[in-house]
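Descriptive structure summary
Chain by chain, the residues:
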Amino acid sequence: DSYKDNLETDVLIVGAGFGGIYLMHKLRQQGFNCKIYEAGKDLGGIWHWNCYPGARVDSQVPVYEYSFPEIWKDWTWSTRYPGWEELREYFDHVEKKLDIKKDVAFETTVTGAQFDKPSGKWVIETEDGRTARAKYLLLATGFAAKRHFPDWKGVNDYKGIIHHSSFWPEEGVDVKGKRIAVIGTGSTGIQLAQDTANQGAKVTVFQRTPNLCLPMQQKPLTREEQEEAKAKYPSLYELRRTTFGGFLYDFVQKNTFDDTEEEREASYERMYENGGFEFWLANYKDLLYDKKANRAAYDFWAKKTRARITDPRKREILAPLEPPHAFGTKRPSLEQNFYEMMDKPENGVVDVKKTPIKEFTETGITTEDGTRREFDIIALATGFDSVTGGMNNMGLRNVDGTPLSELWKSGTWSYLGMSCAGFPNMFFLYGAQGPTAFSNGPTCVEVQGDWIVEAMTQLKKDDIQYCDATKEAMEIWRQKVTELSDKTLFPGTSSWYMGANIPGKPREQLNYAGGFPLYEKECRESLDNGLQGFVTA
Ligand code: NA7
């Protein structure tokens, strides 16, 4: 296994999910010699790790895939919102077309990296003691690379089956007839609860904040209808780069109260019934900016949702009349009968804001009110040290040897959400201060990936050996990210978008809230002005 040796390459990419594969393919076409280091055992990134029951993508076909015709032309999906098994098959298909794996070292975790100025190379260390040297270091580690395990008292005493969602055993866990606790109601917790209940488990959800779920409107897709739709794919892949979130829909170019009450009700109804994120990202354009507009949308959502829950106690916990936060300032999950499932007497909801978890015992969980509940299985859907956690956790150091985790301790700085001053010849995608969490992943990967590849091709053509963002450019970018966010309702909500889900993490907007058209324009300007914002040599 040559990849087990120390490595010399033009480009070292970290991560073999959507982002890493995209970069590898495009850079190969430009004549770069690339290798990927991947901690997991296979391609797929998040879809390699996420095989918990019900794991499914919330972007609809064909928006969540590569725009390369050689890949989509002979690939079809079985449902509008594909599950993890099929997403893994998709990556097998991608492998057949692009021959990526021959240049991937799997089960390889990066534990340190620093740019060595004299040689002009990154020196990258791995957990098993190897060292790689590369002119470029590209990070495609995603926004959910570091899991969050809250440290509850007694958690190690629990003797049943316990897994974090992203460490779920591949072979699955038999949940039928079992008592399962699902802690957390982010997108993951909703899917886990719904799917295990479907499989005949008795589910108890521990909810801190209600998820304002929207109907998925899942449906099977036939090969014929997809083949027919493919004539339009090239234009759809153009279109998705021009919308706010990289989907095929966009905000209505009207404010909420421009419409009469009847018109508004009809629009809400249509968005809600169309399903997916339409009620979020194709709602009135003031939804995420104006409190009153937001409240109107929330009230509609609550009315629809409450009508689906007959148990009055559960109704108040899952869909209260007073909004827990502005609608859409936390990620809504897409559900399929989640509320009907939770309404059943055999399934329960614990409001952990009222009665927090006190401790874990050998057999279950005790809450502060003294209630002891016993479980055969506990699923932790408690999320991630999102967006910055992965990059902070891989031993990156700047040219002077200062760890990135220290530089980002009191806040995050990047330029264009793709580079950092002091980290020359390093680019990252789908991370801090990019469109990341407000976007459809593959769109973000293609927009940022194209920029990175174009920048590197330019550097190569001009025989530039060294390219480092300036601190001034980072300050200006941080300010833009903050200003864009401050106009919205996002800062008022404690969410992982704002770094608020991890104790001690600085509270700041971690994502670029300007949408793709503005983002691409900003990035384009830097390229067109000879890599403005960078020092090159
Ligand atoms: P999320 O969205 O971060 O959700 C984590 C959930 O876990 C959320 O409901 C949290 O409540 C809850 N949580 C976290 N810590 C605790 C403690 N200590 N006690 C009780 N509940 C807790 O992660 P997901 O995996 O669902 O989704 C991540 C993203 O991946 C998702 O948005 C997709 O884009 C893909 P909180 O809301 O903070 O009150």
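So, how was this worked out
Note that residues are indexed from 1 along each chain, following the sequence as it is written. The predicted nature of this model means local features are confined to residues of pLDDT at least 70 and side-chain atom pairs, given and counted, to a pLDDT of 80 or more, with totals for whole chains, interfaces and linings taken over all residues. Only hydrogens and water are removed before side-chain values are computed, so all heavy atoms of the structure are retained for them. What makes a residue near a molecule or strand is one non-hydrogen atom of that residue sitting within 4 Å of it. In protein, a polar contact requires one atom able to donate a hydrogen and another able to accept it; more generally it is a pair of N or O atoms within 3.5 Å, and residues adjacent in sequence count only if both atoms are side-chain atoms. What sets the accessible areas is the Shrake-Rupley method with a 1.4 Å probe; for residues, cover comes only from the shown protein chains. Note on residue categories: nonpolar means Ala, Val, Leu, Ile, Met, Phe, Trp, Tyr, Cys or Pro, charged means Asp, Glu, Lys or Arg, and polar means any other residue, Gly included. Any carboxyl oxygen of Asp or Glu within 4 Å of a side-chain nitrogen of Lys or Arg constitutes a salt bridge here. To sort residues, take the accessible area from a 1.4 Å probe on protein chains only and compare it with the maximum for the residue type: under 20% means buried, over 50% means exposed, and anything in between is partly exposed. As a per-residue quantity, pLDDT reports the predictor's confidence and falls between 0 and 100. Secondary structure elements are defined from DSSP: runs of H or I of at least 4 residues count as helices, runs of E of at least 2 residues count as strands, and each element is numbered from the N terminus. Take the residue count of a helix, subtract one, and multiply by 1.5 Å to get its expected span. Between two residues, a contact is recorded if the distance between any of their heavy atoms is within 4.5 Å. Here a cavity is any set of points on a 1 Å grid over the protein atoms alone where a 1.4 Å probe fits but cannot get out, and a pocket is any open set with protein on both sides within 12 Å along at least 5 of 7 lines; a residue lines the site when it has an atom within 4 Å of a point. Grid points are joined across faces, edges and corners, and a volume is the space filled by probe spheres set on the points.

1. A look at the site of the ligand
- The full set close to the ligand counts 17 residues, and T185, T188, R208, T209 and K330 are the nearest of them.
- T185 places a polar main-chain atom, nitrogen or oxygen, 2.9 Å from an oxygen atom of the ligand.
- One of the side-chain N or O atoms of R331 is found 3.2 Å from an oxygen atom in the ligand.
- Starting from 780 Å² of accessible surface for the ligand in isolation, the protein chains cover 85%.
- Grouping the constituent residues of the shell around the ligand by class yields six nonpolar, eight polar and three charged.

2. So, the pattern of salt bridges
- This structure, assessed with the given rule, holds 39 salt bridges.
- In this structure, D351 and K354 form a salt bridge, with 4.0 Å as the shortest nitrogen-oxygen distance.
- Accessibility expressed as a relative area gives 16% for D351, which makes it buried.
- Ionic contacts of the salt-bridge type, sharing partners, join the residues E8, D116, K121 and R133 into one network.

3. Remarks on the confidence of the model for the protein
- Residues of the protein with pLDDT of at least 70 account for 99%, and the chain-wide mean is 97.
- Scoring of the predicted complex yields 0.97 for pTM and 0.99 for ipTM.

4. Re helix α10 (residues 291–306)
- Along its 16 residues, α10 runs 22 Å from first to last C-alpha, staying within 8% of the 22 Å computed at 1.5 Å per residue.
- Residues A293, N294, A296, A297, Y298, F300, W301, A302, K304, T305 and R306 constitute the buried set of α10.
- Turning to α10, the residues buried within the fold contact β10 (214–215), α8 (261–274), α9 (278–281), α11 (312–318) and α12 (338–343).
- The distance from a side-chain oxygen at the start of α10 to the backbone nitrogen of K292 is 3.2 Å, and the residue carrying that oxygen is D290.

5. Some points on empty space enclosed by the protein
- Within the structure shown, the criterion is met by one cavity of 30 Å³ or more.
- In this structure, the largest cavity spans a volume of roughly 30 Å³.
- Lining the largest cavity are T185, I190, Q207, P210, N211, L318, F338 and Y339.
- Its residues placed into classes, the lining of the largest cavity shows five nonpolar, three polar and no charged.

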